[in-house]
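A look at the structure
If you want the building blocks of each chain, they are given just below.
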Amino acid sequence: MLLSFPAIPQLHPSSVPSAHPLSIPSRPFRSEATASSLFFKHNSALGPPYNVLVDTNFINFSIKNKMDLVKGMMDCLYAQCVPHITDCVMAELEKLGQKYRVALRVAKDPRFVRLPCTHPGTYADDCICERVRQHKCYIVATCDTDLKRRIRKIPGVPIMFLQQHRYTVERLPEAAVGGAPRQ
Ligand SMILES: [Zn+2]
């Protein structure tokens, strides 16, 4: 049923920075077309204010780059963004100890929404993957190559990361962006 979802104009599925959104291959790869369909089927929940699920290294890299997370997210998406953090990620930050106390303080900012974990295990990457698989209302913010690779296999989940001192998002269809110019 999902596969018969009407063809949607290709919406910039892989977010190659140099690719213009309208430079569409006439025969897109089938997997990408399917991903777009799934995106719209499941992901009407994705729109401003954006729920951004952050991981440990996203917070750490942001601090290193002297970025305010909420402001950086808004500068990226031109819309209100609400950072979310799971118990597992919080526990990971706590375990990292004194050196990461700034990260911990950022994560405890009242602008962050805390997502309680009820699952077994405490591995933060699994926690994030499982959550976005079940609830397709998040953008995952990570700079971790392995986690990015895992998230890309899940249809309809955009990824935010740090590039040249600013946040960039990939796999967010134009339709879900509030008229924001994109690179
Ligand atoms: Zn968890």
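We now turn to the structure provided with this report. (Residues numbered from 1 in each chain as written. Predicted model: local features only at pLDDT ≥ 70, side-chain atom pairs only at ≥ 80, totals over all residues.)

What follows is about the overall build of the protein. Per the secondary structure count, the protein includes seven helices and six strands. Along its sequence from the N terminus, the protein presents helices and strands in the succession α-β-α-α-β-α-α-β-α-β-α-β-β. By residue count, 32% of the 183 residues in the protein fall in the buried class. By sequence separation, contacts in the protein at least 24 residues apart represent 69% of the contacts at least 6 residues apart. (Helix = DSSP H or I, 4+ residues; strand = E, 2+ residues; numbered from the N terminus. Buried ≥ 20, exposed ≤ 12 C-beta atoms within 10 Å, placed from the backbone. Contact = placed C-beta atoms within 7 Å.)

Attention now moves to unusual backbone geometry. Cis rather than trans, the peptide bond between Pro48 and Pro49 has omega equal to -5°. Here Pro49 shows up in the loop between helix 1 (30-42) and strand 1 (50-54). The phi angle at Tyr78 is positive, at roughly 55°, despite the residue not being glycine. Within the fold, Tyr78 resides in the loop between helix 3 (69-77) and strand 2 (81-86). In this structure, Gln164 takes a positive phi of about 50° despite not being glycine.

Before going further, it helps to examine the sheet that holds strand 2. The strand order across the open sheet built from six strands is 3-2-1-4-5-6, with neighbouring strands paired in mixed fashion. Both edges of this open sheet fall to strand 3 (113-115) and strand 6 (166-170), since each of them pairs with a single strand only. Along the sheet, successive strands turn relative to each other by an average axial angle of 35°, direction set aside. Across the face of the sheet, helix 3 comes into contact with strand 1, strand 2, strand 5 (159-163) and strand 6 while running at roughly 50° to strand 6. (Pairing = 2+ DSSP bridges. Axes fitted to C-alpha atoms, helices over the stretch in contact; angles between N-to-C directions.)

Relative orientation of the contacting elements helix 6 (residues 124-134) and helix 7 (residues 145-152) amounts to 20°, with a least axis distance of 10 Å. Compared by their axis directions, helix 6 and helix 7 come out roughly parallel. In the packing of helix 6 onto helix 7, the handedness of the crossing is right-handed. Along its contact with helix 6, which presents Asp125, Ile128, Cys129 and Val132, the element helix 7 presents Leu147, Arg150 and Ile151. Of the residues in the contact of helix 6 with helix 7, the class split is five nonpolar, no polar and two charged. (Parallel < 35°, antiparallel > 145°, perpendicular 65-115°, else oblique. Left-handed = near helix turned anticlockwise from the far one by under 90°. Nonpolar A, V, L, I, M, F, W, Y, C, P; charged D, E, K, R; others polar.)

Ranked by size, the top nonpolar core spans 37 residues in total, and within it Val52, Leu53, Ile139, Val140, Ala141, Met160 and Val169 carry the most contacts. Discounting residues that sit within four places of it in the chain, Ala141 has contacts with Val52, Leu53, Val54, Asp55, Phe58 and Met160. (Core = buried A, V, L, I, M, F, W, Y, C linked by C-beta atoms within 7 Å.)

Our focus in this paragraph is helix 3. Taken together, the buried positions of helix 3 are Leu69, Met73, Cys76 and Leu77. Down the axis of helix 3, the smallest arc covering the buried residues is 80°, so these residues share one side. Of the surrounding elements, those touching the buried residues of helix 3 are strand 1, helix 2 (56-64), strand 2, helix 5 (101-107), strand 5 and strand 6. Just beyond helix 3, the residue with positive phi is Tyr78, at close to 55°. (Arc of directions from axis to C-beta.)

Next up on the list: the pairing of strand 6. Burial along strand 6 is one-sided: Tyr167 and Val169 are buried, and none of Arg166, Thr168 and Glu170, which face the opposite way, are. In terms of strand pairing, strand 5 meets strand 6 through five bridges, oriented antiparallel. Within the sheet, the bridge partner assigned to Met160 lies in strand 6 and is Val169.

Below, the discussion takes up the environment of Glu92. By secondary structure assignment, the location of Glu92 is in helix 4 (residues 87-96). When the C-alpha atoms of Glu92 and Thr122 are compared, they prove to be 8.4 Å apart, with 30 residues separating the residues in sequence. Leave out the neighbours within four places in its chain, and Glu92 touches Thr56 and Ala124.

Neither face of strand 4 (residues 138-141) is open: one carries Tyr138 and Val140, the other Ile139 and Ala141, and all of them are buried. Across four bridges, strand 1 lies against strand 4 in parallel orientation. Considered in strand 4, the bridge of Val52 is made with Ile139. When strand 4 meets strand 5, the two strands line up parallel, connected through two bridges. Bridge pairing in strand 5 links Ala141 to Met160. Viewed along the sheet, the connection from strand 4 through helix 7 into strand 5 turns out right-handed. (Right-handed = clockwise from strand over helix to strand, strands pointing away.)

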